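# Coordinate inspection notes
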Amino acid sequence: MSLISSLKIFSPSSLNTTQNALSVVSSRANSWWSHVEMGPPDPILGVTEAFKRDTNPKKMNLGVGAYRDDSGKPFILPAVKMAEAEIAKKNMDKEYSPISGSPEFCKATINLALGEDNEWTKNGLNATVQGISGTGSLRIGTAFLSAFFPGGKDLYMPTPTWGNHVPLAKHAGLGVKQYRYYDPKTCGFDFHGALQDIAKIPERSMILLHACAHNPTGVDPKPEQWAEMSKVIKEKKLFPFFDMAYQGFASGDIDKDAAPVRMFLKDGHQIALSQSYAKNMGLYGERAGAFSLICSSKEEAAATMSQLKIIIRPMYSNPPVTGARIATEILTNPSLRSQWLKDVKGMADRIISMRQLLRSNLAKEGSSRDWAHITDQIGMFCFTGMTPPQVEKLTKDFSVYLTKDGRISVAGITSKNVEYLAHAIHQVTK
Amino acid sequence: KFASVESAPPIEVFALNKAYVEDTFPQKVNLGVGAYRTDEGKPWVLPVVRHMEQKLAADETLNKEYLPVLGYEPLASAATRMLLGSDSASLKEGRATGIQCLSGTGALRVGAEFLAHIGKHSIVYSSNPTWGNHSLVFLNAGFTSYRSYRYWDAAKKALDFDGLMEDLRNAPENSVIILHACAHNPTGVDPTQDQWRQIADLIEERQLFPFFDSAYQGFASGDLDRDAWAVRYFDSRGFEMVCAQSFAKNFGLYNERVGNLTFVAKDRSVIEPVRSQITLLVRANYSNPPNHGARIVGTVLNDPVLTEQWKSHIKTMADRIISMRLGLRERLEKLETPGTWNHITDQIGMFSFTGLGPLAVDKLIADHHIYLLKGGRINMCGLNTGNIDYVAKCIHEVVTTTQE
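Residues numbered from 1 in each chain as written. Chains lettered and ligands numbered in written order. Predicted model: local features only at pLDDT ≥ 70, side-chain atom pairs only at ≥ 80, totals over all residues. Heavy atoms only, no water.

### Concerning the overall build of chain B
- For chain B, the count of helices and strands is 16 helices and 13 strands.
- Seen along its three principal axes, the alpha-carbon backbone of chain B occupies a region of about 60 × 55 × 55 Å.
- In chain B, which comprises 404 residues, the share counted as buried stands at 62%.
- Long-range pairs, those at least 24 residues apart, make up 76% of the contacts in chain B between residues at least 6 apart in sequence. (Helix = DSSP H or I, 4+ residues; strand = E, 2+ residues; numbered from the N terminus. Buried < 20%, exposed > 50% of the residue type's maximum accessible area, 1.4 Å probe, protein only. Contact = heavy atoms within 4.5 Å.)

### Let's talk about the domain arrangement of chain B
Residue and element names in this part refer to chain B.
- Split into domains, chain B comes out as domain 1 (12-44 + 310-398) and domain 2 (73-302).
- Counting residues at the interface gives 24 residues for domain 1, matched by 24 residues for domain 2.
- On the domain 1 side of the interface with domain 2, the three residues burying the most area are Trp310, Ile348 and Phe353, jointly 36% of the side's total.
- Sorting the residues of the side of domain 1 that touches domain 2 by element identifies helix H13 (304-334) and strand E11 (351-353) as the ones contributing at least two each.
- Per element, the largest residue contribution to the side of domain 1 that touches domain 2 is eight residues, and it comes from H13. (Domains from an automatic or database assignment. Buried area = accessible area lost by both parts, 1.4 Å probe.)

### Looking at the pairing of strand E9 (residues 272-276) of chain A
Residues and elements named next belong to chain A.
- Counting buried residues in E9 gives five out of five residues, a clear majority hidden from the surface.
- The sheet contact formed by strand E8 (residues 239-244) and E9 spans four bridges and is parallel. Each bridged residue has a counterpart across the sheet, and for Asp243 the counterpart in E9 is Ser274.
- For the handedness criterion, the β-α-β arrangement of E8, helix H11 (residues 254-266) and E9 is classed as right-handed. (Pairing = 2+ DSSP bridges. Right-handed = clockwise from strand over helix to strand, strands pointing away.)

### Comments concerning the packing of helix H5 (residues 103-114) of chain A against helix H13 (residues 322-332) of chain A
Residues and elements named next belong to chain A.
- Contact geometry for H5 and H13: axes closest at 9 Å, N-to-C directions at 60°. Here H5 is positioned oblique relative to H13, judged by the angle of their axes. Of the two possible hands of crossing, H5 and H13 adopt the one that is left-handed. Touching Glu104, Phe105, Ala108, Thr109 and Leu112 of H5 are Ala324, Ala327, Thr328, Leu331 and Thr332, all from H13.
- Among the residues forming the contact of H5 with H13, the class breakdown is six nonpolar, three polar and one charged. (Axes fitted to C-alpha atoms, helices over the stretch in contact; angles between N-to-C directions. Parallel < 35°, antiparallel > 145°, perpendicular 65-115°, else oblique. Left-handed = near helix turned anticlockwise from the far one by under 90°. Nonpolar A, V, L, I, M, F, W, Y, C, P; charged D, E, K, R; others polar.)

### Observations regarding the environment of B:Glu113
- For B:Glu113, the location among the structural elements is in helix H5 (residues 103-118).
- The class of B:Glu113 is buried, set by a relative accessible area of 2%.
- The sequence separation of B:Glu113 and B:Glu6 amounts to 107 residues, and the corresponding C-alpha distance is 27 Å.
- The contact partners of B:Glu113, leaving out residues within four places of it in the chain, are A:Arg139, A:His171, B:Ile118, B:Ala141, B:Leu281 and B:Asn285.

### Things to note about the packing of aromatic side chains
- Applying the stated criterion to the full structure yields 39 aromatic pairs over all chains.
- Ring geometry for A:Tyr182 versus A:Phe383: centroids 5.0 Å apart, planes at 90°, classification edge-to-face. In this pair, A:Tyr182 sits in strand E5 (residues 182-183) while A:Phe383 sits in strand E11 (residues 381-383), placing the two residues 201 residues apart along the sequence. In terms of burial, A:Tyr182 and A:Phe383 fall into one category: buried.
- With centroids separated by 6.4 Å and ring planes inclined at 90°, the aromatic side chains of B:Tyr216 and B:Phe351 adopt a geometry described as edge-to-face. Separated by 135 residues along the polypeptide, B:Tyr216 in the loop between strand E8 (209-214) and helix H9 (224-227) and B:Phe351 in strand E11 bring together distant segments of the chain.
- The exposure class assigned to B:Tyr216 is buried, which follows from its relative accessible area of 4%.
- Following the ring pairs from residue to residue traces out a cluster consisting of B:Trp196, B:Phe212, B:Trp229, B:Tyr233, B:Phe234 and B:Phe239.
- Over the ring of B:Phe351 we find B:Arg377; its NZ or CZ atom is 3.7 Å from the centre of that ring. (Phe/Tyr/Trp six-rings, centres within 6.5 Å; stacked < 30°, edge-to-face > 60°. Lys NZ or Arg CZ within 6 Å of the ring centre and 35° of its normal.)

### A look at the interface of chain A and chain B
- The interface is formed by 75 residues belonging to chain A together with 79 residues belonging to chain B.
- Overall, the association of chain A and chain B removes approximately 6,400 Å² of surface from exposure, summing both partners, and the carbon and sulfur fraction of that is 58%.
- Summed over the three residues of chain A that lose the most area to chain B, namely A:Trp32, A:Trp33 and A:Lys94, the buried surface amounts to 15% of that side.
- Along the contact surface separating chain A from chain B lie six salt bridges.
- Residue B:Glu65 is joined to A:Arg68 by a salt bridge in which the shortest nitrogen-to-oxygen separation is 2.8 Å.
- At the junction of chain A and chain B, the tally comes to 35 residue pairs in polar contact (both at pLDDT 80 or more).
- Those elements giving two or more residues to the side of chain A that touches chain B turn out to be helix H2 (15-30), helix H4 (78-90), helix H7 (133-148), helix H8 (165-171), helix H12 (298-316) and H13 of chain A. (Salt bridge = Lys/Arg side-chain N within 4 Å of Asp/Glu carboxyl O. Polar contact = N/O pair within 3.5 Å; in protein donor to acceptor, adjacent residues only side chain to side chain.)

### Examining the nonpolar core
- Counting 97 residues, the largest nonpolar core has A:Trp340, A:Leu358 and A:Val400 as the members making the most contacts within it.
- Here the element with the most residues in this core is helix H14 (residues 334-365) of chain A; it accounts for eight residues.
- Mapping this core onto the domain boundaries places at least three of its residues in each of domain 1 (43-75 + 349-428) and domain 2 (96-332) of chain A.
- Sequence-distant contacts of A:Leu358, defined by excluding residues within four places in its chain, comprise A:Ile374, A:Ile408, A:Ile413, A:Val418, A:Leu421, A:Ala422 and A:Ile425.
- Of all hydrophobic cores here, the second largest spans 71 residues; its members include A:Trp33, A:Ala301, B:Val69 and B:Ile118. (Core = buried A, V, L, I, M, F, W, Y, C linked by side-chain atoms within 4.5 Å.)

### Topic: unusual backbone geometry
- Of note, the amide linkage connecting A:Thr159 to A:Pro160 takes the cis form, showing an omega dihedral of -5°.
- Counting through the fold element by element, A:Pro160 comes out in the loop between strand E3 (154-159) and H8.
- Across the junction of B:Asn128 and B:Pro129, the peptide omega takes the value 5°, indicating a cis bond.
- Structurally, B:Pro129 is set in the loop between strand E3 (123-128) and helix H6 (134-141).
- Backbone geometry at A:Arg287 places phi at a positive 60°, although glycine is not the residue there.
- Residue position: A:Arg287 is located in the loop between E9 and strand E10 (288-294).
- What makes A:Arg287 buried here is its relative accessible area of 2%.

Below you can see the structure in the form of structure tokens.
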């Protein structure tokens, strides 16, 4: 107990020390916060800390979900550098952004998701606001739904889902429920389980869907499976909330990655959508993202916008501008935009090729296991299917760091360490 | 699905700004939104900020990786040190800590969420009047009761100190009390040092919790230490408290959202648990704060040369505002505008509570294209040598022709 540990300095021989100890005791007693407990340690941070302490020159960090180039270094996109140079020339001011972010940013962002010429933004049906990257956009969305969604206040999430979805939704006042998603037997999509569970969701509930590059599994439904899900979700009168954090980053094709979102809209759903530029533009720390609601009329969109602003203002008043300006510059400047499409395809291609190399190297090692899921899965992460004891061994014996659930960040693999990784994985799984 | 969502009422200060922007009258004056303007009526990006941005852009070692959840540590520690002063006992004893937040609003929100969810406080008081967003921040953060303590004496155009003390005396134990560290928004009226001492005595006696809102350190008097006097006084008295700090005005970094939440505890052993709980709150709200503004402020505050440069910018801004206060008061007194006008120079900071009533305000907007908030608050930064004569003349005109 911390009172006792704080008495470690007590030494009976010194009156002064006694007084110190007493004042320490009384200060804890008078403190407003002596009851505050340490929060649980962050599992991913824990992985990184342990990685940093490891002195093995072959160590690999497959924990954190940030892109790395083939030298294992953070990557600043050429399009981003170019955009920053353009922005610097403009000598822009530091005046407050509108609460909802710049209209230009919001328009470019929703049009990225829905297509440049889409009928929804053309008809003013979207209410789009800048958010603090993906997390902040989800937070705005869940706050809005908590206050205004006319149906059940439970948000149904796939099993598993991004670790932060659950506390975030709960913090916003929503209940959290699950639907089957990942099949550990196949390391693939539990399509029938998902459909069964979705069909059981009470009408007029909310359902969270990862638009592409499911986090943490990397398992995405196929287009025909998305079509089925859309049908059931419509029949059950469920409200789809898409989390799209990897548009472009998954397949290298922005339209392909956004296809499920566009499909649902075409199928007549009204949706909520959270977008992030953290990965696809490498703007992680600049916190650029957006939340959108697609409404049934211009008036509805306007009313919704006004309520979204009322939610944002008491959170942080108005959003940070730098990341949003970069994204806007890239999306609205034709040569920067085409550079960006090359950059994002480059990242996606490198990840896809690492998947291919990992799989082929495992075969070369002589592994008899089916590793098809490594290349079937998509995006930053791969659910390897390794068990916690296998993960532990991988870390202990080979200094390969990953989360207990067997998830690896493919971005942490390079052409120089993929053979070592395959060797290590084979050793612990054979 | 959302057909029943009603349109929310427009937020006054933004609606006012919109009306100003759409007004085509050539002599229009914007005394609404709280941002600094030069004597040419233009926004001012501080030279030290421009310099830093160029330096950061040229630094090949920098990247765009996520900051830690609690922010850029060089910024947080420097901001806390700037607030409490390097002589602070709590700082020296490791009982004070800083957490980067999304400007002042974000710091208020994180602090309020911590106090509500973890500290289990439910009642919060702020001054009447206060910044328009205080109540929503705290109520959305989980407080169940938002109350006011008297502050502005409209008749005397000064602090209603007796009213303030009486209301705090009647506040239930554990109530959180929002205190404006300096340059009270919207009135510009600050307690004297002696009044602060009495407030501190009362807060201690009644077991209330002080939550300082420091949005103008340096910007008010031109002197960082002077503007932090109240916070430092409470710190020296051994209070546990939090303080939301904004770098929007004093660094002119409005849209980069740079802020800090300073946390002072009685015992250093609570600091880590508190930080870990705040980590969970931040993660559920926005994961981690933005990088760009943090690097600017964090670098400047940790570099003595750049800090001196910055201090000279603050003095420039504060001095210009003070000269506008003098100028407006002089003109109104020269015109013999009915009423007393010493409050304009007694008050401090960006804002002045003019004492103008709603009818006079309406007239100023409709007839003279001078935009100010309904409560009579003007932004001194909106005044400059080019428009001060016009504004004084119009104030004289509406005061002499309006019966409130």
